[in-house]
Amino acid sequence: MEKSVYTHDAASAAAIAAAYDEPPLAYVRSYGCQQNVNDGEKIRGVLLDCGFGITDSAENADLILFNTCAVREHAEQRVFGNVGALKRLKEKNPRLMIGLCGCMAQQPHIVEKVRSSYPYVDLVFGVDGIDTLPALIAQRLGQKKRVLQTPVERNAVVEAVPIRRDSGFRAWLPIMYGCDNFCTYCIVPYVRGRERSRLPEDVLKEFTQLVQAGYKEITLLGQNVNSYGKGLEVPVDFADLLNMLCAVPGDYQIRFMTSHPKDASHKLIDTIAAQPKICKHLHLPVQSGSDRILHEMNRHYNVEQYLELMNYAKQRVPGITFSSDIIVGFPGETEEDFAKTLELVEHVGYMQLFTFIYSKRTGTRAALMPDPATHKEKAERMGRLLALQDKIAMQQVASMVGQTVRVLVEGAARTEGMLTGRLDNNLTVEFAAAEEMIGHYAKVSLTGARATVLTGELAK
Ligand code: SAH
Ligand code: SF4
Ligand code: F3S
């Protein structure tokens with residue numbers, strides 16, 4: 001693994017300062033998963049470091065940057081739709097710089113599409129280019145030609161990148177980058193590169209800074225956190241890392257995602273059981289309830305192994321809740337396969353389910369598999385899955401009523417005077433309280449539920 005440390009690029013900052021009469025403003029919008037959201041926070045940090053201000057309004061910006069996601073076709077279409085809408089702004093303000101970065105920009109055919117069909121996009125760079133952004137902007141300012149980078153896989157870990165976090169009490173903390181699993185439907189390994197872990201001391205340093213800065217919830221991120229440590233010289237695994245972090249004194253809680261079932265170990269579950277600072281919630285994406293489909297997906301576990309792990313977790317961690325991702329309509333999925341998914345969902349009783357209709361991704365192995373089911377059939381299956389999960393989630397949520405729990409107060413609810421809080425198990429509760437409570441813990445008695453949102457009142 002190649003590790004480098006971010007350095008301030010004074011020459012580019014000077015070039016940027018010279019190009020504008022007033023300090024320029026940047027608007028950054030991130031799509032996709034938490035990793036990408038965290039990258040967006042770093043992009044803002046780097047922009048501040050080279051002299052930009054940050055704005056929430058695209059209309060006022062001198063630089064508009066879309067940090068994109070490629071996981072499903074719909075995500076890509078949305079970005080192109082939004083980029084298309086910028087043409088108007090560019091006509092009004094020819095000096096406006098428009099950039100596209102992130103996972104989409106890591107695919108050669110997307111860069112080609114921008115080159116041929118989106119002449120007003122000035123800047124394209126991939127997921128490993130964040131630390132080079134000041135130089136790319138300076139380059140664009142100094143030449144007539146656009147800066148459209150051909151995607152390269154740097155597979156590096158860059159430490160100490162400046163960051164402008166969205167929240168003052170909840171933070172994302174990547175512990176690893178990339179993915180080596182090559183699930184056959186998934187584009188992520190192609191756009192995010194090979195799996196590489198940050199050094200434990202670098203993770204611990206950032207974690208400690210967050211706790212000292214008063215962060216109340218820190219979510220550790222990786223496409224497969226359970227393979228943390230592979231390839232490092234020090235023998236350390238994810239459970240070891242969790243134990244190390246939990247030793248940092250302070251009033252905070254830890255979440256993590258995503259756990260791949262093939263690598264989630266009993267040791268991990270024992271650690272969740274032993275450490276009060278770790279939330280009692282496991283996001284364990286199963287993707288399908290059919291062993292045949294799981295094999296075709298290259299997931300490396302079967303339903304029996306998955307359930308064994310869950311049972312162990314239920315025994316060791318009383319009250320633990322589960323959530324999952326499911327893909328409906330993977331190539332070749334039959335009605336019989338889908339029935340097994342419904343059966344599994346019914347059996348497990350997930351608190352939350354994130355469901356996706358299979359989307360064909362060019363370059364993945366599943367894109368070459370015969371896919372006879374029509375979109376209509378897949379949508380119909382999705383409807384049945386959602387109806388089942390609604391019923392289950394409502395039962396699960398209702399079963400919480402009567403308990404008094406600690407929540408992290410996250411923000412204002414839609415109803416005036418009401419705030420939302422998140423339980424340890426990832427459910428949301430609405431209750432009346434003063435806004436000063438946002439960003440703090442509160443004790444809430446759960447009094448009722450509206451669909452899957454709990455209602456409650458501050459406990460005496
Ligand atoms: N690394 C995580 C998930 C990353 S992507 C994991 O392994 O669980 C988030 C979710 O998007 C996946 O869990 C999967 O359910 C969904 N997904 C990924 N590729 C997809 C595709 N081509 N079509 C539909 N859903 C997809
Ligand atoms: Fe994609 Fe599978 Fe890697 Fe998750 S583990 S990012 S689904 S290839
Ligand atoms: Fe999307 Fe890239 Fe994340 S493809 S889901 S933003 S890793």
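Going by the structure above, here's the rest.
Residues numbered from 1 in each chain as written. Chains lettered and ligands numbered in written order. Predicted model: local features only at pLDDT ≥ 70, side-chain atom pairs only at ≥ 80, totals over all residues. Heavy atoms only, no water.

Caption draft 1: Summary view of helix 8 (residues 200–212). Between its first and last C-alpha, helix 8 extends 18 Å over 13 residues, near the 18 Å set by a 1.5 Å rise per residue. Trailing helix 8 by a residue or two, Gly214 shows a phi angle of about 95 degrees, which is positive. (Helix = DSSP H or I, 4+ residues; strand = E, 2+ residues; numbered from the N terminus. Expected span 1.5 Å × (residues − 1).)

Caption draft 2: Just the layout of surface pockets, in detail. Counted as a void, the second largest pocket has a volume near 360 Å³. Lining the second largest pocket are 18 residues, and of these Glu159, Ala160, Arg198, Glu206 and Gln209 lie nearest its centre. Listing elements by their share of the lining of the second largest pocket, those giving two or more residues are strand 1 (2–5), strand 8 (156–159) and helix 8. (1 Å grid on protein atoms, 1.4 Å probe; cavity = no way out; pocket = protein on both sides within 12 Å on 5 of 7 lines; lining within 4 Å. Points joined across faces, edges and corners; volume = space filled by probe spheres on them.)

Caption draft 3: A look at the site of ligand 2. Surrounding ligand 2, one finds Cys179, Asn181, Phe182, Cys183, Tyr185, Cys186, Val188, Pro189, Gln223, His260 and Arg299. Its residues assigned to classes, the shell around ligand 2 shows 7 nonpolar, 3 polar and 1 charged. (Near = heavy atom within 4 Å. Nonpolar A, V, L, I, M, F, W, Y, C, P; charged D, E, K, R; others polar.)

Caption draft 4: Examining the environment of Gly229 more closely. Assignment of secondary structure puts Gly229 in the loop between strand 12 (217–221) and helix 9 (238–246). Expressed as a C-alpha distance, the spacing of Gly229 and Glu195, which sit 34 residues apart in the sequence, is 10.0 Å. Here Gly229 is in contact with Ser197 and Val236, once residues within four sequence places are set aside. (Contact = heavy atoms within 4.5 Å.)

Caption draft 5: Highlighting empty space enclosed by the protein. Counting across every chain of the model gives 1 cavity of 30 Å³ or more. Here the largest cavity defines a volume of roughly 280 Å³. Taken together, 20 residues make up the lining of the largest cavity; nearest its centre are Asp39, Val127, Asp128, Ala156 and Tyr177. If you list the elements that add at least two residues to the lining of the largest cavity, you get helix 2 (34–49), strand 8 and strand 10 (176–177). Across the lining of the largest cavity, the residue classes tally to 8 nonpolar, 5 polar and 7 charged.

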